[in-house]
Amino acid sequence: SYIILNFMIIKIQNLVNKLLVLSFLLYLFQGIGFLFQAAIFGDVFLGPKEIKVILFLFLILVFLLQYNLKSKMSLFDIIILYIYFLFLTFNLLTINYYDSGEQSFYAFLYNYSLSIILIPLALLYSNNNDGRGGYFVTRFHKRLWLVLIFFISFIAIFEWYIQASIYAYFYDFFHGKDIIKFDHIHGSIRILSIFKSPIDYSYLNAIFASLCLILFLTERKAIYAVLFLLMTVIGFLIKVRTGMVFMLASYFVIFIYFFSWTRILKFFVPLIIVITFLIPFLDLNVILDPTNLFIRFENWVTLLDSLDSPTKILWGFGIVQNGSFGEYHRIVIDNLYIGMLLTGGVFSMLLFFFVISILVIRSMRKESLKKNVWVLSIVIGMLAAGLFENIMHLFYLCLIPIFSRFSDVNSPLCQDTCPLSNLSIQT
């Protein structure tokens, strides 16, 4: 009976992993999916909103399967899940529902989107991962993953060269539907490769460029160095500045983890030389233009001034940044933390960071060095990007490393020189 039970657990865990990979691929290739629908059927029936609903249903199934794997949930697990449920419920009830014409419930769903199910799932997954989980970077899928990165990067470089999105050639197929975000900054295209928006591409590029850096530092294979440099350059070419903040903050965490300060400086020299050589091509005058940042600073001061009473500071007043769902929410915040304050106040922010902190600690427990560094660097990178963009609706992207496994253990590279090499995390 024990053998049969163990076999069933393995089968369920494999199904969970495959559903996670399928969900990721559906998210990754939805832009191409829109194009095929338009070309074959003459219209797009499954757009971004419908895809998100399908992903949500997939992940609900994964959550139920993962929950079934746990023979017994600890009291601590239950408390954390209830705290996140309290966070969601509090924000849902805080949002204003009474103004005429408002669609505040949909504004709430947009803002929290897939995080509603992915954060509880990640809590379960990270607490019950016994070595059979994950597909993103196992040996079996590593070659396919590398081919995919080259494919995406090649299209991005091609778009930058011709200064047009590949989807622009098929614009008429979409019949005017706003499902692909064609975006420019100061007349320069923001490339998006196969994705539906530049910000999606920018963040995912940062996530996997950081992984390539970690793999290079631990495995010393030239292919990862090439991909790291290529994706770093593409991170600038996309011209999404919060994506650059995400990428550079993640790199900083990785370098601190692996190197002493002296070695960090030595490693940065060739990178700086490459970036300097590419300055004429990267159009840094667009990237470094401070005008938009100054406008955001003034806006943040105004928004913080609106929190003019202890009640508003503590509980917020139920605003979510998205004008598509009514005038009450037609507000530009562009800051994750101010956004949380305006929605649910300090109370909501404390709940959120408590859950995220526990999630990171749990997912880094009893794992390989690569996995630990990747998780930490991506969460820190996402939080850094949140200083300049209200990214609550994209926060689930930083959970990608948590649903992955590495086939090897700690690298000897980080034994003597790494400031954090003796870090031990206990719960």
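### Quick notes on the environment of Asp77
- As for its position among the elements, Asp77 is in helix α4 (residues 75-94).
- As for Asp77 and Leu123, which are separated by 46 residues in sequence, their C-alpha atoms are 7.7 Å apart.

### Some points on the nonpolar core
- Core analysis: the largest hydrophobic core is formed by 130 residues, its most contacted members being Leu204, Phe208 and Leu397.
- Ignoring sequence-local partners within four residues, the contact set of Leu204 consists of Phe24, Tyr27, Leu28, Phe195, Leu397 and Ile400.

### Quick look at unusual backbone geometry
- For Ser193, which is not a glycine, the phi torsion comes out positive at approximately 50 degrees.
- One can find Ser193 in the loop between β2 (188-189) and α8 (198-219).
- Take Ser193: its relative accessible area is 0%, and that puts it in the buried class.
- Despite not being glycine, Lys239 has its phi angle at roughly 65 degrees, a positive value.
- Secondary-structure assignment places Lys239 in the loop between α9 (222-237) and α10 (241-258).
- Judged by its relative accessible area of 2%, Lys239 is buried.

### Looking at the pattern of salt bridges
- The tally for this structure, following the rule as stated, stands at four salt bridges.
- Note that Asp200 and Lys196 form a salt bridge whose closest N and O atoms lie 3.8 Å from each other.
- Residue classification places Lys196 among the partly exposed residues on the basis of a relative accessible area of 21%.
- Among the ionic pairs, Glu219 bridges to Lys370, the shortest N-O distance being 2.6 Å. Here Lys370 lies in helix α17 (residues 369-385) and Glu219 lies in helix α8, a separation of 151 residues in the sequence.
- For Lys370, a relative accessible area of 4% gives the class buried.
- Put simply, Glu219, Lys221 and Lys370 are held in one network by salt bridges that share partners.

### Some thoughts on α10
- Compared with an ideal rise of 1.5 Å per residue, which puts 18 residues at 26 Å, α10 spans 26 Å between its outermost C-alpha atoms and is within 8% of the ideal.
- Burial analysis of α10 places 14 of its 18 residues in the buried class, the great majority of the element.

### Section: α4
- In this model, α4 (20 residues) spans 28 Å end to end at C-alpha, consistent with the 28 Å of a helix rising 1.5 Å per residue.
- Within the sequence span of α4, burial applies to Asp77, Ile80, Leu81, Ile83, Tyr84, Phe87, Leu88, Phe90, Asn91 and Thr94.

### Quick notes on the packing of aromatic side chains
- Tallied over the entire structure, the rule returns 21 aromatic pairs.
- Seen in terms of ring centroids, Phe87 and Phe352 are 5.5 Å apart; in terms of plane orientation they differ by 40 degrees. Their pairing is tilted. Of the two residues, Phe87 is situated in helix α4 and Phe352 in helix α16 (residues 336-363); the sequence distance between them amounts to 265 residues. In this structure, Phe87 and Phe352 share a single accessibility class: buried.
- Chaining the aromatic ring pairs together yields one cluster made of Tyr84, Phe87, Phe108, Tyr112, Tyr337, Phe352, Phe353 and Phe395.
- Directly above the aromatic system of Phe216 lies the positively charged group of Arg220, at a separation of 5.8 Å from the ring centroid.
- Above the face of the Phe317 ring, Lys312 is positioned so that its terminal group lies 5.6 Å from the ring centre.

### Here we look at the confidence of the model for the chain
- This prediction gives the chain a mean pLDDT of 79; 77% of its residues lie at or above 70.
- The element-level mean pLDDT for the chain is lowest in helix α13 (residues 284-287), coming to 56, with α8 highest at 92.
- Per-residue pLDDT stays below 50 along residues 408-427; that stretch engages in 41 contacts with residues further than four places along the chain or on separate chains.

### Observations concerning the packing of α4 against α16
- With their axes 10 Å apart at the nearest point, α4 and α16 run at an angle of 150 degrees to one another. On the basis of their axis angle, the class for α4 and α16 is roughly antiparallel. Crossing of α4 against α16: the hand is left-handed. Contacts between α4 and α16 pair Phe76, Asp77, Ile80, Ile83, Tyr84, Leu86, Phe87, Phe90, Asn91 and Thr94 from the former with Thr343, Gly344, Phe347, Ser348, Leu351, Phe352, Phe354, Val355, Ile358 and Arg362 from the latter.

### A closer look at the packing of α8 against α10
- Running from N to C, α8 and α10 cross one another at 15 degrees; their axes reach a closest spacing of 8 Å. Classified by the interaxial angle, the pair formed by α8 and α10 is roughly parallel. Viewed along their axes, α8 and α10 form a crossing whose handedness is right-handed. Every residue of α10 that contacts α8 at Ile199, Ser202, Tyr203, Asn205, Ala206, Ile207, Ala209, Ser210, Leu213, Ile214, Leu217 and Thr218 is listed here: Thr242, Gly243, Met244, Phe246, Met247, Ser250, Tyr251, Ile254, Phe255 and Phe258.
- Classifying every residue of the contact of α8 with α10 by side-chain character gives 15 nonpolar, seven polar and no charged.

### Digging into the environment of Phe56
- With respect to the secondary-structure elements, Phe56 resides in helix α3 (residues 48-69).
- For the pair formed by Phe56 and Ser113, sequence separation is 57 residues and the distance between their alpha carbons is 8.5 Å.
- Dropping the residues within four chain positions of it, Phe56 is found in contact with Leu114, Ile116 and Ile117.

### Comments concerning a nonpolar patch on the surface
- Together, Phe36, Ile40, Phe41, Phe45 and Leu46 make up an exposed nonpolar region whose accessible area comes to about 580 Å².
- Examined against the element boundaries, Phe41 turns out to sit in helix α2 (residues 30-41).
- On the basis of relative accessible area, Phe41 is assigned to the exposed category, the value being 57%.

Reading the values: rules and limits
Residues numbered from 1 in each chain as written. Predicted model: local features only at pLDDT ≥ 70, side-chain atom pairs only at ≥ 80, totals over all residues. Heavy atoms only, no water. Helix = DSSP H or I, 4+ residues; strand = E, 2+ residues; numbered from the N terminus. Core = buried A, V, L, I, M, F, W, Y, C linked by side-chain atoms within 4.5 Å. Buried < 20%, exposed > 50% of the residue type's maximum accessible area, 1.4 Å probe, protein only. Contact = heavy atoms within 4.5 Å. Salt bridge = Lys/Arg side-chain N within 4 Å of Asp/Glu carboxyl O. Expected span 1.5 Å × (residues − 1). Phe/Tyr/Trp six-rings, centres within 6.5 Å; stacked < 30°, edge-to-face > 60°. Lys NZ or Arg CZ within 6 Å of the ring centre and 35° of its normal. pLDDT = per-residue confidence, 0-100. Axes fitted to C-alpha atoms, helices over the stretch in contact; angles between N-to-C directions. Parallel < 35°, antiparallel > 145°, perpendicular 65-115°, else oblique. Left-handed = near helix turned anticlockwise from the far one by under 90°. Nonpolar A, V, L, I, M, F, W, Y, C, P; charged D, E, K, R; others polar. Patch = residues over 30% accessible without salt bridge, like charges linked within 9 Å, V, L, I, M, F, W, Y side chains within 5 Å. Areas by Shrake-Rupley, 256 points an atom, 1.4 Å probe, with all protein chains shown as cover.

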